Amino acid sequence: MIRSVLFLSLLFPGFLAPSLLAQQPREANAWKQALTKRLPLLGHRNWILVVDSAYPLQTSPGLEVIETNAGQIEVTRAVLAQIKDSIHVRPVIFMDAELPFLTEEDSRGANAYRQQISAALHDYTVQDALHEQLIAQVSNAGKEFKILVLKTRLTVPYSSVFIRLDCKYVSADAEDRLRARMKSSARH
C-alpha cells in the first residue's frame, strides 16, 4: 500500500499535496486557537510567555508549552491583541535585562530584534529583570497557576517576552488604595 502511494506521488506530483496542504493551516493556527480558548480562563497571576527557540522546558506543573512554529514578533502581537480585546486582563510585561547588552557580533539578529520588539511593545511599559529571576518567578507561579508558554522560531538569546496577567478592571492604584483603607480600618 505504501509503495503504491509513493509510486502514485512520483507519477502525479500533486497526488499527496491536497491532504498535506489541508493539514498545514490547521497546524499553523493551532497556537492561535489554543490562545483563544485559554485566555478567557486565565486571570491575574497567570502568565503568558512568548519565548525563543532555546527556552527551557520547565517542569512546574502549571506550565503548558505550545510550539508555534511562528515568528516571535507575530506571536507577541497576536497575544497582546487578544489581551487588549479581553474584558478581564491586562498585560504586565517583563523582558530580560540582558537583551540590551547583546552585540550583533555575539548574537546575529540582536539589533534587528530589538528594533522590532520595541515597535511591537511601544504602547506598553516594559520592566527589565535578569533572565534567571524571570524563570524563577514563572517556575514558582507554575506551582499554583497556569502558565502558557508559546515557543517561537526566534534564535536570539534573552529575547523572551514574559507577560504576567493582571486584572483589567481594577488598576494597581485602586488596589493600593483599597489595601490602605483596609490597613487603616484595622488600626481603629
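Residues numbered from 1 in each chain as written. Predicted model: local features only at pLDDT ≥ 70, side-chain atom pairs only at ≥ 80, totals over all residues. Heavy atoms only, no water.

### Some details on the nonpolar core
Convention followed: The criterion is simple. A nonpolar core is a set of buried Ala, Val, Leu, Ile, Met, Phe, Trp, Tyr and Cys residues joined through side-chain atoms within 4.5 Å. Each residue is assigned to one of three classes by its accessible area relative to the maximum for its type, calculated with a 1.4 Å probe on protein chains only: buried under 20%, partly exposed between the two thresholds, exposed over 50%. Elements are defined by DSSP. Helices are runs of H or I of four residues or more, strands are runs of E of two residues or more, and each kind is numbered from the N terminus. Contacts are residue-level and defined by heavy atoms, with any inter-residue pair within 4.5 Å sufficient.
Grouped together as the largest cluster of nonpolar side chains are 31 residues, with contacts concentrated most on I48, V79 and Y113. Breaking this core down by element, the ones donating at least two residues are α3 (30-38), β1 (47-51), α4 (72-85), β3 (89-96), α5 (110-120), β5 (147-151) and β6 (161-167). For this core, the leading source of residues is α4, giving five residues. Leave out the neighbours within four places in its chain, and I48 touches L35, L39, L42, V79, I83, L148, L150, V161, F162, I163 and L165. Counting 15 residues, the second largest nonpolar core, distinct from the first, contains V51, L63, A141 and I147.

### As for the packing of α4 against α5
Filter applied, for reference: Between N-to-C directions, angles cover 0 to 180 degrees, with each direction set by a line fitted to C-alpha atoms, over the stretch in contact for helices. Note on terminology: angles under 35 degrees are roughly parallel, angles over 145 are roughly antiparallel, angles of 65 to 115 are roughly perpendicular, and the others are oblique. Rotating anticlockwise by less than a right angle from the far helix to the near helix defines a left-handed crossing, while the corresponding clockwise rotation defines a right-handed one. All amino acids are sorted into three groups, where Ala, Val, Leu, Ile, Met, Phe, Trp, Tyr, Cys and Pro are nonpolar, Asp, Glu, Lys and Arg are charged, and the leftover types, Gly among them, are polar.
Axis separation between α4 and α5 bottoms out at 10 Å; the angle between their running directions is 10°. With respect to their mutual orientation, α4 and α5 come out roughly parallel. Note on packing geometry: the crossing formed by α4 with α5 is right-handed. Of the residues in α5, those touching α4 at Q72, I73, T76, R77 and L80 are Y113, Q116, I117 and A120. A per-class count over the contact of α4 with α5 returns five nonpolar, three polar and one charged.

### Some details on the pairing of β3
On a regular strand, one side chain projects to one face of the sheet and the next to the other, so that they alternate. Quick note on the threshold: Any two strands are treated as partners once DSSP identifies two or more bridges connecting them. We call a crossover right-handed when, viewed with the strands running away from us, the connection from the first strand over the helix to the second turns clockwise.
Counting buried residues along β3, seven of its eight residues qualify, which places the element largely inside the surrounding structure. With four bridges joining them, β3 and strand β4 (residues 126-129) adopt parallel strand pairing. Each residue of the ladder has a partner; that of D96, found in β4, is A129. Tracing the backbone out of β3, into α5 and back to the parallel element β4 gives a crossover that is right-handed.

### Description of α3
So the rule is basically this: Comment: arc refers to directions from the helix axis out to C-beta atoms.
Taken as a whole, α3 has its buried residues at W31, A34 and L35. Considered in projection along α3, the buried side chains sweep an arc of 100° and stay on one side of the axis.

### A look at the pattern of salt bridges
Opposite charge on two side chains permits pairing when their charged atoms draw close. Selection criterion: The working definition used for a salt bridge is a side-chain nitrogen of Lys or Arg within 4 Å of a carboxyl oxygen of Asp or Glu.
On inspection of all chains with the given rule, the structure shows four salt bridges. For the salt bridge of E74 with K32, the shortest nitrogen-to-oxygen distance reads 3.9 Å. One end of the pair, E74, is in helix α4; the other, K32, is in helix α3, and 42 residues separate them in sequence. Residue class for E74 comes out partly exposed when judged on its relative accessible area of 40%. For the salt bridge of E175 with R179, the shortest nitrogen-to-oxygen distance reads 2.8 Å. Of this pair, E175 and R179 are both found in helix α7 (residues 172-187), four residues apart, which corresponds to roughly one turn of the helix.

### With respect to unusual backbone geometry
For R45, which is not glycine, the phi dihedral falls at a positive 85°. Inspection of the secondary structure puts R45 in the loop between α3 and β1. Unlike most non-glycine residues, N69 shows phi in positive territory, near 55°. Summarising the element assignment, N69 is placed in the loop between β2 (63-67) and α4.

### Observations regarding the confidence of the model for the protein
Selection rule: Per-residue confidence from the prediction method is given by pLDDT, with values spanning 0 to 100.
Looking at the protein as a whole, its pLDDT mean stands at 88, while 85% of the residues score no less than 70. Every residue in residues 2-10 scores below 50 in pLDDT, and together they form five contacts with partners more than four places removed in sequence or on other chains. Here residues 12-25 is a poorly scored stretch, pLDDT under 50, and it has five contacts once near neighbours within four places are set aside; other chains count.

### Considerations on the sheet that holds β1
Reading across from one edge, β2-β5-β1-β6-β3-β4 is the order of the six strands in this open sheet, with mixed pairing throughout. Each having just a single partner strand, β2 and β4 make up the two edges of the open sheet. The mean angle between the axes of side-by-side strands here comes to 25°, regardless of whether they run parallel or antiparallel. Bridge analysis of β3 against β6 gives seven bridges, and the strand direction is antiparallel. Along β6, the bridge assignment pairs F94 with F162.

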